[in-house]
Amino acid sequence: KITFNGDYKTRLPNNVNITISGVDGERLVMELDDLGFMVATGSACTASDDEPSYVLQAMGISKQDAASSLRITIGRQTTEDEVSEFACKLLNLIETSELIWL
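What you see is a predicted model, and the numbers here were worked out from it, not measured in a lab.

Our next topic: the environment of Phe37. Looking at the element boundaries, Phe37 is found in the loop between helix H1 (25-34) and strand E3 (40-41). Separated by 52 residues in sequence, Phe37 and Lys89 have C-alpha atoms that sit 9.4 Å apart. If sequence neighbours within four positions are ignored, Phe37 has contacts with Leu32, Glu82, Glu85, Phe86 and Lys89.

Have a look at this one:
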């Protein structure tokens, strides 16, 4: 199950935070990095912290789901093809990797 975190309207248009229930967010970050995609767990406020995001928890997201979250940001030069490639690779990792599930 993938859940969108945050408000749909009042947010930065190039930033999305999602929870993939039951996945080890840190492991998924490493797997995506190996594929050439740089993402992070939690929120920007806790980028250097090993603990799940207190910001996400303050939004009512459980500690476990906060640890299963990804922050995805795109830049001005990011193409639609790159976004599609990322989405396909992410879904493939979720569907095929036994190593990332908690």
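Three or more residues of H1 are buried, namely Gly25, Leu28, Val29, Glu31 and Leu32. Buried residues in H1, looked at end-on, bunch into an arc of 165°, giving them a common side. Two or three places before Glu26, at the opening of H1, Asp24 has a side-chain oxygen 3.2 Å from that residue's backbone nitrogen. Once H1 finishes, Gly36 follows within two positions and takes phi at roughly 95°, a positive value.

Glancing now at the confidence of the model for the chain. Averaged over the chain, the pLDDT score is 84; the fraction of residues at 70 or greater is 85%. Helix H2 (residues 54-58) is the least confidently modelled element of the chain, averaging 75 in pLDDT, while helix H4 (residues 80-96) averages 93, the highest of any element.

Here the focus is the packing of aromatic side chains. Working definition: an aromatic ring pair is given by the centre-to-centre distance plus the angle between the planes. With the rule as written, the count across this model stands at two aromatic pairs. With centroids separated by 4.5 Å and ring planes inclined at 10°, the aromatic side chains of Phe4 and Tyr8 adopt a geometry described as stacked. According to the relative accessible area criterion, Tyr8 is exposed, its value standing at 65%. Measuring from ring centre to ring centre gives 5.3 Å for Phe37 and Phe86, while their planes differ by 70°; the resulting arrangement is edge-to-face.

Moving on: the sheet that holds strand E2 (residues 15-20). One open sheet accounts for four strands, arranged E1-E2-E4-E3; its pairing is antiparallel. Every other strand in the sheet has two partners, leaving strand E1 (2-5) and E3 as the edge strands with one partner each.

Tallying each qualifying case throughout the model produces one salt bridge. In this structure, Glu31 engages Arg27 in a salt bridge whose closest nitrogen and oxygen atoms are separated by 2.9 Å. Pair noted here: Glu31 and Arg27 are both in helix H1, with a separation of four residues, about one helical turn. The exposure class of Glu31 is buried, given its relative accessible area of 17%.

Rules behind the numbers
Residues numbered from 1 in each chain as written. Predicted model: local features only at pLDDT ≥ 70, side-chain atom pairs only at ≥ 80, totals over all residues. Heavy atoms only, no water. Helix = DSSP H or I, 4+ residues; strand = E, 2+ residues; numbered from the N terminus. Contact = heavy atoms within 4.5 Å. Buried < 20%, exposed > 50% of the residue type's maximum accessible area, 1.4 Å probe, protein only. Arc of directions from axis to C-beta. Polar contact = N/O pair within 3.5 Å; in protein donor to acceptor, adjacent residues only side chain to side chain. pLDDT = per-residue confidence, 0-100. Phe/Tyr/Trp six-rings, centres within 6.5 Å; stacked < 30°, edge-to-face > 60°. Pairing = 2+ DSSP bridges. Salt bridge = Lys/Arg side-chain N within 4 Å of Asp/Glu carboxyl O.

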